[in-house]
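# Observations on chain architecture
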Amino acid sequence: MEYTHRDEHLTPYDVIISGGEIVSGTSLVLGRGDIAIRGEKIARIAPHVDVPCRRRIDAKGLLVLPGLIDPHVHTSLPMRGTVSSDDPASATAAALFGGVTTIIDFTEQRAGQNLPESLRDKLSLLAGHAHTDYALHVNVTDFGPGFEERLAADLAAVVRLGAISFKVFPCYSKEGHAISRDHLKTLLKMSDAMGLLVLVHAENDRILLANEEKLLATGQIAPRDYPRSRPPRAEARAISDVIEAARAVDAAVYFVHVSTAGGLKRIVAGRQRASKPIYLETCPHYLILDESVYTGLDAAQFMVAPPLRAPEHREALLKGLGRGHVDVVATDHCPFLRNQKDRPGAPFTEIPNGLPGVETRLALLFTIAVMPRLITLERLVDLTSTNPAMIMGLYPRKGCIRPGSDADLVLFDPNTQWTIQPSGLHMNTDFSPHDGFKATGQVRTVLLRGKVVLENGALCSCKSGRYLKRDPQGLSAGAGP
Ligand code: URP
Ligand code: ZN
Ligand code: ZN
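Residues numbered from 1 in each chain as written. Chains lettered and ligands numbered in written order. Predicted model: local features only at pLDDT ≥ 70, side-chain atom pairs only at ≥ 80, totals over all residues. Heavy atoms only, no water.

### A look at the coordination of the zinc ion (ligand 3)
- Surrounding the zinc ion (ligand 3) are the protein donor atoms His 72 (NE2), His 74 (NE2) and Asp 332 (OD), which sit 2.0 to 2.1 Å from the metal.
- If you look at the zinc ion (ligand 3), its 4 donor atoms make angles of 86 to 131° with each other, and the shape they trace is tetrahedral.
- Of note, the zinc ion (ligand 3) draws all its donor residues from one chain, in the sequence arrangement H-x1-H-x257-D.
- If you look at the zinc ion (ligand 3) and the zinc ion (ligand 2), they sit 3.7 Å from each other. Note on accessibility: His 72 and His 74 belong to one class, buried. (Donors = N, O, S within 2.8 Å, 3.2 Å for Na, K, Ca; no water. Tetrahedral: all angles 85-135°; square planar, octahedral: opposite > 155°, others 65-115°. Buried < 20%, exposed > 50% of the residue type's maximum accessible area, 1.4 Å probe, protein only.)

Here you go:
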């Protein structure tokens, strides 16, 4: 193993990470060795780099992973009269504790606001506050008069600002956010032609509305009734419809937070007939928890959309993970404080949806999937770093350990055992859906572009996170996993 950057010359290295087990995804199996960093970049990878450097970090006994990318994070998301409790600073600080060096957050489009304005708004909220690098997906939720006529110019303006991915909802018609089938096809077609990617929160609007109406009309308004308002078939149906729309215009599509066996099955089947990728993202909570949490006292705390499902869905997703059907495990990080969700007597429609997760993904996946040998360490890196980088246009700057890539590195101790408790975590919430979970493996040290930002479990970052401008060439260069 000897990989050297072409600009290699004799000035000393800034940092050498030595003696760790280097894991950089399935496309480049590295093994034990040293990583030499100059400035913000990885300069050399070799069994031993015995030359002067400003700082040597001993990684013996540790895994060295590329910084994780969480492509599904909400900071300060307004919802149901409140705002999710992690702002850009607290979410990205917590992210570092979980080995995450890049997040992708979302814009919020106000009614009547155009897409580039919504992107500028969110960029100004993040600027100067992030401890990790960050990019943005652009939510498309306003379909007022002239939507189709304006779309090409709006997409082009957004691309100039460095965003290349768009998220839509076929549901939430009551809020005025639901995209129609025709608008979806237009967006998919235009995006594909411009080299952009559409992300979909797939739940069928009519099924959600009918179920919610029935439950509310019969007084079944408590958080324990909530999962029945969003049944598994709502997801499966929406996924089928969106796959059909994408096929009709020959476009790629990315499904966020897939939670059901039916959704997974339709995506796997859809891929057989599609010429463009159909990406599948799921989240740790759908791989670990099930709907039994809604029978307990903390039912409101576990409210998330889509809801946690019956155990057979979790089993199917785990099997799909092991068989390679899942492209990305993200978190859909969207925490609230307990008192934001505890609204005794309020109908579930007034309680905000979302769970914390940006900090716990690596340890959870290591414990449930790598330890029992469901997936390899390289696959873990693919699912949490390399694939998000490739799919979202950040590769090879991010998502791998190669000379020339950003020196975003995580030193992970695979032998520590610890118990997840909200008080021991750094997300701005007093609730964790995994409270009491016995985890194996913990992040020790994190480097962001060559700078140590978390050391031996202590934060030493000074909000040096940068906005990552992406371009459509980046998407096709990554070419997907
Ligand atoms: O309940 C959730 N998932 N809240 C965040 C917003 C979304 O739909 O992803
Ligand atoms: Zn969603
Ligand atoms: Zn989300």
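### Observations regarding the side chain of His 131
- Relative to the helices and strands, His 131 is located in the loop between helix H2 (115–126) and strand S11 (133–139).
- For His 131, a relative accessible area of 7% corresponds to the buried category.
- Not counting residues within four places of it along the chain, the set of residues in contact with His 131 comprises Ala 89, Thr 92, Ala 93, Leu 96, Leu 448, Leu 459, Ser 461, Lys 463 and Gly 465. (Helix = DSSP H or I, 4+ residues; strand = E, 2+ residues; numbered from the N terminus. Contact = heavy atoms within 4.5 Å.)

### Some points on the domain arrangement of the chain
- Assigned domains within the chain: domain 1 (3–65 + 404–457) and domain 2 (67–401).
- Facing 47 residues of domain 1, the contacting portion of domain 2 comprises 51 residues.
- Along the contact surface separating domain 1 from domain 2 lie 4 salt bridges.
- Between Asp 133 and Arg 449 there is a salt bridge whose closest N-O contact spans 2.7 Å.
- Taken together, the connections running from domain 1 to domain 2 amount to 15 residue pairs in polar contact (both at pLDDT 80 or more).
- The set of elements that each furnish at least two residues to the side of domain 1 that touches domain 2 consists of strand S2 (13–23), strand S3 (29–38), strand S4 (41–46), strand S6 (63–66), strand S17 (409–419), strand S18 (438–448) and strand S19 (451–455).
- At 8 residues, the largest contribution of residues to the side of domain 1 that touches domain 2 is made by S18. (Domains from an automatic or database assignment. Salt bridge = Lys/Arg side-chain N within 4 Å of Asp/Glu carboxyl O. Polar contact = N/O pair within 3.5 Å; in protein donor to acceptor, adjacent residues only side chain to side chain.)

### Description of the packing of helix H4 (residues 181–194) against helix H7 (residues 232–248)
- Where H4 contacts H7, the two axes come as close as 9 Å, and the packing angle between them is 50°. In terms of orientation, H4 and H7 fall into the oblique class. Crossing hand, H4 versus H7: right-handed. Of the residues in H7, those touching H4 at Arg 181, Leu 184, Lys 185 and Leu 188 are Asp 241, Val 242, Glu 244, Ala 245, Ala 246 and Ala 248.
- Within the contact of H4 with H7, the residues separate by chemical class into 6 nonpolar, no polar and 4 charged. (Axes fitted to C-alpha atoms, helices over the stretch in contact; angles between N-to-C directions. Parallel < 35°, antiparallel > 145°, perpendicular 65-115°, else oblique. Left-handed = near helix turned anticlockwise from the far one by under 90°. Nonpolar A, V, L, I, M, F, W, Y, C, P; charged D, E, K, R; others polar.)

### Observations regarding the site of ligand 1
- Contacts to ligand 1 come from His 72, His 74, Met 79, Lys 167, His 201, His 257, Val 304, Ala 305, Asp 332, Cys 334, Asn 353 and Gly 354.
- Taking His 74, its side chain carries an N or O atom lying 3.3 Å from an oxygen atom of ligand 1.
- Protein burial of ligand 1: of its 270 Å² of free accessible surface, 95% is covered by the chains. (Near = heavy atom within 4 Å. Areas by Shrake-Rupley, 256 points an atom, 1.4 Å probe, with all protein chains shown as cover.)

### What to know about the nonpolar core
- In this structure, Leu 188, Leu 197, Tyr 254, Phe 255, Leu 287 and Tyr 294 are the most contacted members of the largest nonpolar core, which totals 131 residues.
- Considering every element that reaches this core, the biggest residue donor is helix H12 (residues 361–370), with 8 residues.
- Residue assignment places this core across two domains, with domain 1 (3–65 + 404–457) and domain 2 (67–401) each supplying three or more.
- In this structure, Leu 188 is in contact with Val 198, Ala 245, Ala 246, Val 249, Ala 251, Ala 252 and Val 253, ignoring residues within four places of it in sequence.
- Core analysis: the next-biggest nonpolar cluster, separate from the first, contains 19 residues, Leu 28, Ile 57, Ile 401 and Leu 447 among them. (Core = buried A, V, L, I, M, F, W, Y, C linked by side-chain atoms within 4.5 Å.)

### Points about the sheet that holds strand S15 (residues 278–282)
- Across the sheet, 8 strands lie side by side as S7-S10-S11-S12-S13-S14-S15-S16; this open sheet has parallel pairing. In this open sheet, the two strands that pair with only one neighbour each are strand S7 (68–70) and strand S16 (328–329).
- Two elements, strand S12 (residues 165–168) and strand S13 (residues 197–200), share 4 bridges in a ladder whose sense is parallel. Each bridged residue has a counterpart across the sheet, and for Lys 167 the counterpart in S13 is Leu 199.
- Where helix H8 (residues 261–273) meets the sheet, it contacts strand S14 (253–255) and S15, and its direction lies at approximately 160° from that of S15. (Pairing = 2+ DSSP bridges.)

### Let's talk about the packing of aromatic side chains
- Under the criterion given, the structure shown has 8 aromatic pairs.
- Ring plane angle 65° and centroid distance 6.1 Å describe the contact between Tyr 226 and Tyr 294, whose orientation is recorded as edge-to-face. Of this pair, Tyr 226 sits in helix H6 (residues 226–229) while Tyr 294 sits in the loop between helix H9 (284–288) and helix H10 (311–322), and the two are 68 residues apart along the sequence.
- Judged by relative accessible area, Tyr 226 falls into the buried class, the value being 1%.
- Residue classification places Tyr 294 among the buried residues on the basis of a relative accessible area of 1%.
- Note on Tyr 226 and Phe 348: the rings are 5.9 Å apart at their centroids and 65° apart in plane angle, and the pair reads as edge-to-face. With a gap of 122 residues between them, Tyr 226 in helix H6 and Phe 348 in the loop between helix H11 (338–341) and H12 connect regions that are remote in the sequence.
- Put simply, the rings of Tyr 226, Tyr 294 and Phe 348 pair up and form one aromatic cluster. (Phe/Tyr/Trp six-rings, centres within 6.5 Å; stacked < 30°, edge-to-face > 60°.)

### Side note on the coordination of the zinc ion (ligand 2)
- For the zinc ion (ligand 2), every protein donor is listed as His 201 (ND1) and His 257 (NE2), and the spread of their distances is 2.1 Å.
- Every donor counted, the 4 donor atoms about the zinc ion (ligand 2) form angles of 55 to 145° at the centre, which fits irregular coordination.

### Examining H2
- Between its first and last C-alpha atoms H2 spans 17 Å; for 12 residues at 1.5 Å apiece the expected length is 16 Å, and the two agree.
- Elements that come into contact with the buried residues of H2 comprise helix H1 (88–97), strand S10 (100–106), S11 and helix H3 (147–160).
- If you check the start of H2, you find a side-chain oxygen 2.9 Å away from the backbone N of Glu 117, and it comes from Asn 114.
- One or two residues past the end of H2 sits Gly 128, with phi positive at roughly 80°. (Expected span 1.5 Å × (residues − 1).)

### Side note on the environment of Leu 337
- Within the secondary structure layout, Leu 337 lies in the loop between S16 and H11.
- Each C-alpha atom of the pair Leu 337 and Gly 195 lies 39 Å from the other, and the pair is 142 residues apart in sequence.
- What Leu 337 contacts, discounting residues up to four positions off in sequence, is Ser 85, Gln 301, Asn 428, Thr 429 and Asp 430.

### Regarding the pattern of salt bridges
- Scanning the entire structure with this criterion turns up 30 salt bridges.
- Here Asp 58 makes a salt bridge to Lys 60, at a shortest N to O gap of 3.4 Å.
- Classification of Lys 60 by relative accessible area gives exposed; the value is 60%.
- Close ionic contact of Glu 244 with Arg 247 constitutes a salt bridge, the shortest N to O distance being 3.9 Å. In this pair, Glu 244 and Arg 247 are both assigned in helix H7, 3 residues apart and thus about one turn of the helix distant.
- Residue Glu 244 is classed as partly exposed on the basis of its relative accessible area of 34%.

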